[in-house]
Amino acid sequence: MWQQTIKNYYPDAVINDAALKFPITNNGWEVEFPDNVDKPTFLVLQDMLTWEPGSRWPRELERIATWSIAKNIDQSKLYVLIWNYDLAEHWNEQQQGMFKCVQFSTFQYNLWEQYTKSHRRLEEAFTATGRKHNALCLNRIDKPHRRSVITYLKRYREVNLSDLHYGRNPYYPGQSFEDYDYDNLKNLLSLQQNYLTSRFSIITESQYSEPRGIISEKTFNAIVALHPFVIIGSAGSLKEIKRLGFKTFPNYFDESYDALSNSTRLDRAMGMTEIHKFRPDDGIKEVCEYNREYFFNELGNRLQSDLHLALLHHSGNVVS
């Protein structure tokens with residue numbers, strides 16, 4: 001459906017809906033470039049982007065910029081759809097005269113479609129949070145910020161903690177590290193008991209030190225499972241969740257950590273006394289139920305609306 005939204009503004013648009021070449025390398029993603037850009041052309045960067053340490057822009061946007069300048073591409077006809085939040089606005093403000101970026105995650109939209117098709121099944125599977133474990137923290141791929149969180153949480157017995165990269169399963173094992181097949185619905189359902197027996201989630205998102213990160217299935221899984229959450233991710237993760245229309249939990253957790261620097265954000269979030277004393281009440285239950293209903297009923301519309309408004313702004317066209 002999102003492709004049709006683009007076609008509404010640019011009927012002859014050329015859309016490469018997977019411009020990042022698999023697999024990712026140690027230097028980020030290689031980009032698949034078109035032979036020419038004589039029509040409005042959309043490169044969809046379908047996965048999270050990567051930065052050199054200390055770099056202002058992700059490697060992938062720099063590669064597109066270098067290619068487009070070398071090929072003398074008409075920049076007004078080139079559009080790049082990106083997942084990382086706030087990056088499109090920042091690029092368009094700072095790189096005037098270059099191709100335009102549009103914030104739209106095909107990953108988020110496809111996940112929403114997949115989960116919405118199993119709406120009833122997911123609601124029946126995740127009915128309430130439990131009391132056996134205070135917190136749930138699931139980790140698969142090893143990353144520095146996850147290593148820090150795991151090291152911190154190992155001291156607490158009341159945390160259901162997984163570290164699949166090093167063979168530590170959650171109390172109720174789901175798919176193994178080797179068997180994980182990136183079917184997010186299958187993976188979520190395999191972890192059902194872990195969510196049902198825990199009060200809230202400590203989410204170690206896919207990115208932390210990157211200037212602008214992503215909101216992935218890790219956060220949406222907690223929302224679908226009716227979990228309150230703390231996000232250990234890039235600065236502004238909670239801000240992005242709220243921009244998308246969800247509610248967070250400032251009455252239960254000190255969410256000031258979200259705006260702190262990389263060097264202090266994780267320590268502030270993990271050191272909160274609220275994490276160790278957290279107990280749910282009827283008020284937090286209402287927020288969790290709101291978030292799940294919003295996910296199923298509104299998130300897809302919100303993502304489409306964001307795409308619609310961005311295209312409207314860049315095209316200058318009026319489309320009903």
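This section reports on the structure supplied with the text. (Residues numbered from 1 in each chain as written. Predicted model: local features only at pLDDT ≥ 70, side-chain atom pairs only at ≥ 80, totals over all residues. Heavy atoms only, no water.)

**A closer look at the overall build of the chain**
Part 1 of the argument: Each helix and strand counted, the chain has 13 helices and 10 strands in total.
Part 2 of the argument: Here the chain has a C-alpha radius of gyration of 20 Å; the compact-globule value for 320 residues is 20 Å, and the two agree.
Part 3 of the argument: When the backbone C-alpha atoms are referred to their principal axes, the chain occupies close to 60 × 40 × 40 Å.
Part 4 of the argument: A sequence separation of at least 24 residues applies to 68% of the contacts in the chain between residues at least 6 apart.
Part 5 of the argument: Working note: accessible area of the chain is about 14900 Å², and carbon and sulfur atoms make up 48% of it. (Helix = DSSP H or I, 4+ residues; strand = E, 2+ residues; numbered from the N terminus. Rg over C-alpha atoms; globule rule 2.2 N^0.38 Å. Contact = heavy atoms within 4.5 Å. Areas by Shrake-Rupley, 256 points an atom, 1.4 Å probe, with all protein chains shown as cover.)

**Some points on the sheet that holds strand S7 (residues 133–137)**
Part 1 of the argument: With parallel pairing, the four strands of this open sheet are ordered in space as S8-S7-S9-S10. Strands at the two margins of the open sheet, each flanked by one partner only, are strand S8 (159–161) and strand S10 (229–232). Between one strand axis and the next, the sheet turns by 20° as a mean value, whatever way the strands run.
Part 2 of the argument: Here three bridges tie S7 to S8, and the two strands are oriented parallel to one another. Note that in S8 the partner of cysteine 137 across the bridge is leucine 161. (Pairing = 2+ DSSP bridges. Axes fitted to C-alpha atoms, helices over the stretch in contact; angles between N-to-C directions.)

**Remarks on the side chain of glutamine 75**
Part 1 of the argument: Positionally, glutamine 75 belongs in the loop between helix H2 (59–70) and strand S5 (78–82).
Part 2 of the argument: The exposure class assigned to glutamine 75 is buried, which follows from its relative accessible area of 13%. (Buried < 20%, exposed > 50% of the residue type's maximum accessible area, 1.4 Å probe, protein only.)

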